[in-house]
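Listed below, chain by chain, are the residues.
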Amino acid sequence: MKKHNFNAGPSILPREVIEKTAQAVLDFQNDGLSILEISHRAKNFQPIVDEAVALFKELLNIPEGYSVIFLGGGASLQFCMVPFNLLEKKAAYLNTGVWAKKAMKEAKGFGEVVEVASSADANYTFIPKDFVIPADADYFHITTNNTIYGTELLKDLDSPVPLVADMSSDILSRPVDVSKYGIIYGGAQKNLAPAGVTFVIIRNDILGKVSRHIPTMLDYRTHIDNGSMFNTPPVLPIYTALETLRWLKANGGVEGAEKRNIAKAELLYNAIDNSKMFVGTARKEDRSRMNICFVMKEEYKPLESEFITFATGKGMVGIKGHRSVGGFRASCYNALPIESVQALIDCMHEFEKLHA
Ligand SMILES: *Cc1c(COP(=O)(O)O)cnc(C)c1O
């Protein structure tokens, strides 16, 4: 049976990217060795990192003065690396969900943390709009896509202080004006690569301003100065990331991805909005294109687990909502074809016919 992969992360990758990775695992560049058994300093691996960095810069139109680095540790390590490198006295955070809260918690170990606004009281069903970013903060931290709640901040904010964004789950899903950001980071396992590599886009001139000692491995400058090769980087996930970036470039870049993502999201949100049985959870103006969250209306609630079983039987994978929202979540990352969204909608219609 054909599987439709709506996993929230790690998640779907383009089939050809997986095939190319598999080939590199068997025989990297017809050299007689697997990519798993070569040195990261081998002369045929350096060009992989170089091209991945160059494509990242090209696809996101990253201006001069920025570096792109690949690290380990996931987005969660960035929750600590960001304040370690940037927080001298005070940092500002927008609280839009569990990930934002975790980032805030880490920063509290380094200085004063100001929560400029929060949607916690409404179970993070929207993105706060009216807030003031303190001009004396060392940086302002946002989470552009809230993977668990299905809300997304699609606007590149104007900030009087360096803007730091966790883009784990919407990186490369649309164009962004990188010049408005000091740092953009994320775990790659949502839209780019398998788990194991973290990307960081960083404006070089915001570094070197804190007075504390920064351990070598946690200092961004270490990894910038050594081109992500200070120690052994996650070789295989970087290779897969490169193949995803090549795939993206061949398919219209982030502009092409955005068009496809809008089409998929509209299709599914329309089906939800026109349904007797299902209802969306996020406020309409803040709806995510990447993670589409919905539940059953009160009168049908007892049927939720039956729908999961029904949809699973028809090949849907990973549509159970996060426990803090319940219901369903369809993650529609770059690699998910619109046919999968249509298959899910067909499932919803069929189930409604049986029960509504
Ligand atoms: C998944 C996710 C994280 C956590 O990423 P790890 O790489 O597992 O640490 C952080 N932020 C957001 C927005 C996420 O979606």
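Residues numbered from 1 in each chain as written. Predicted model: local features only at pLDDT ≥ 70, side-chain atom pairs only at ≥ 80, totals over all residues. Heavy atoms only, no water.

### Digging into the side chain of threonine 143
- As for its position among the elements, threonine 143 is in strand S5 (residues 140-143).
- Residue class for threonine 143 comes out buried when judged on its relative accessible area of 3%.
- Setting aside chain neighbours within four positions, we find threonine 143 in contact with Thr96, Ala100 and Asp166. (Helix = DSSP H or I, 4+ residues; strand = E, 2+ residues; numbered from the N terminus. Buried < 20%, exposed > 50% of the residue type's maximum accessible area, 1.4 Å probe, protein only. Contact = heavy atoms within 4.5 Å.)

### As for the domain arrangement of the protein chain
- Parsing the protein chain into structural domains produces domain 1 (15-250) and domain 2 (254-355).
- Placing a centre on the C-alpha atoms of domain 1 and another on those of domain 2 gives a separation of 28 Å.
- The interface is formed by 26 residues belonging to domain 1 together with 25 residues belonging to domain 2.
- One salt bridge in this structure joins aspartate 286 and lysine 129, with 2.8 Å as the shortest N-O distance.
- Contributing elements (two or more residues each) for the side of domain 1 that touches domain 2: strand S7 (151-152) and helix H6 (235-250).
- When the residues that make up the side of domain 1 that touches domain 2 are grouped by side-chain class, the tally is twelve nonpolar, nine polar and five charged. (Domains from an automatic or database assignment. Salt bridge = Lys/Arg side-chain N within 4 Å of Asp/Glu carboxyl O. Nonpolar A, V, L, I, M, F, W, Y, C, P; charged D, E, K, R; others polar.)

### Description of the state of the cysteines
- All chains considered together, the criterion is met by zero disulfides.
- Sulfur of cysteine 293: no disulfide; nearest cysteine sulfur belongs to cysteine 332 and is 10 Å away. (Disulfide = S-S within 2.5 Å.)

### Some words on the site of the ligand
- Within the structure, the ligand sits among 14 residues, and Ser76, Thr147, Asp166, Gln189 and Lys190 are positioned closest to it.
- Between the ligand and threonine 147 there is a distance of 2.4 Å, counted from an oxygen atom to a side-chain nitrogen or oxygen.
- At a separation of 2.6 Å, a nitrogen atom of the ligand approaches a polar side-chain atom of aspartate 166.
- Across the complex, the protein chains shield 87% of the 390 Å² of accessible surface that the ligand would expose by itself. (Near = heavy atom within 4 Å. Polar contact = N/O pair within 3.5 Å; in protein donor to acceptor, adjacent residues only side chain to side chain. Areas by Shrake-Rupley, 256 points an atom, 1.4 Å probe, with all protein chains shown as cover.)

### A word on the environment of leucine 344
- Tracing the chain through its elements places leucine 344 in helix H9 (residues 338-355).
- Judged by relative accessible area, which is 0%, leucine 344 ranks as buried.
- For leucine 344, the contacting residues outside a window of four places in its chain are Phe6, Leu268, Phe307, Met316, Ile319 and Ala330.

### Observations concerning helix H7 (residues 253-273)
- Between its first and last C-alpha, H7 extends 30 Å over 21 residues, near the 30 Å set by a 1.5 Å rise per residue.
- Every buried residue belonging to H7 is among Gly253, Val254, Gly256, Ala257, Asn261, Lys264, Ala265, Leu268, Tyr269, Ala271 and Ile272, and all of these are buried. (Expected span 1.5 Å × (residues − 1).)

### Quick look at the pattern of salt bridges
- Within the structure shown, the criterion is met by 18 salt bridges.
- For glutamate 16, the salt bridge is made with lysine 20, and the minimal N-O distance between the two is 3.9 Å. On the criterion of helical spacing, the pair formed by glutamate 16 and lysine 20 is a turn pair, its members being four residues apart in helix H1 (residues 15-26).
- Look at glutamate 16 and you get partly exposed, because its relative accessible area is 40%.
- Here glutamate 58 makes a salt bridge to lysine 249, at a shortest N to O gap of 2.9 Å. Taken together, the positions of glutamate 58 in helix H2 (residues 46-59) and lysine 249 in helix H6 put the pair 191 residues apart, joining distant regions of the chain.

### Observations regarding the pairing of strand S14 (residues 328-331)
- Residues Phe328 and Ala330 line one face of S14 and the alternating positions Arg329 and Ser331 line the opposite face, and both faces are buried.
- As judged from the four bridges shared by strand S12 (residues 291-296) and S14, these two strands associate in the antiparallel manner. The residue bridging asparagine 291 from the neighbouring strand is serine 331, located in S14. (Pairing = 2+ DSSP bridges.)

### Notes on the sheet that holds strand S8 (residues 163-166)
- Taken in spatial order, the seven strands of this open sheet run S2-S10-S9-S8-S5-S3-S4, and their pairing is mixed. The strands lining the two open edges of the sheet, one partner per strand, are strand S2 (66-71) and strand S4 (112-118). For this sheet, the mean angle separating the axes of adjacent strands, direction not counted, is 20°.
- In the packing of helix H3 (residues 74-86) onto the sheet, the strands contacted are S2, strand S3 (90-95), S8, strand S9 (183-187) and strand S10 (198-203), and the crossing angle to S9 comes to about 155°.
- In this fold helix H4 (residues 98-107) packs onto S3, S4, S5 and S8, with an angle of close to 165° to the strand it touches most, S3. (Axes fitted to C-alpha atoms, helices over the stretch in contact; angles between N-to-C directions.)

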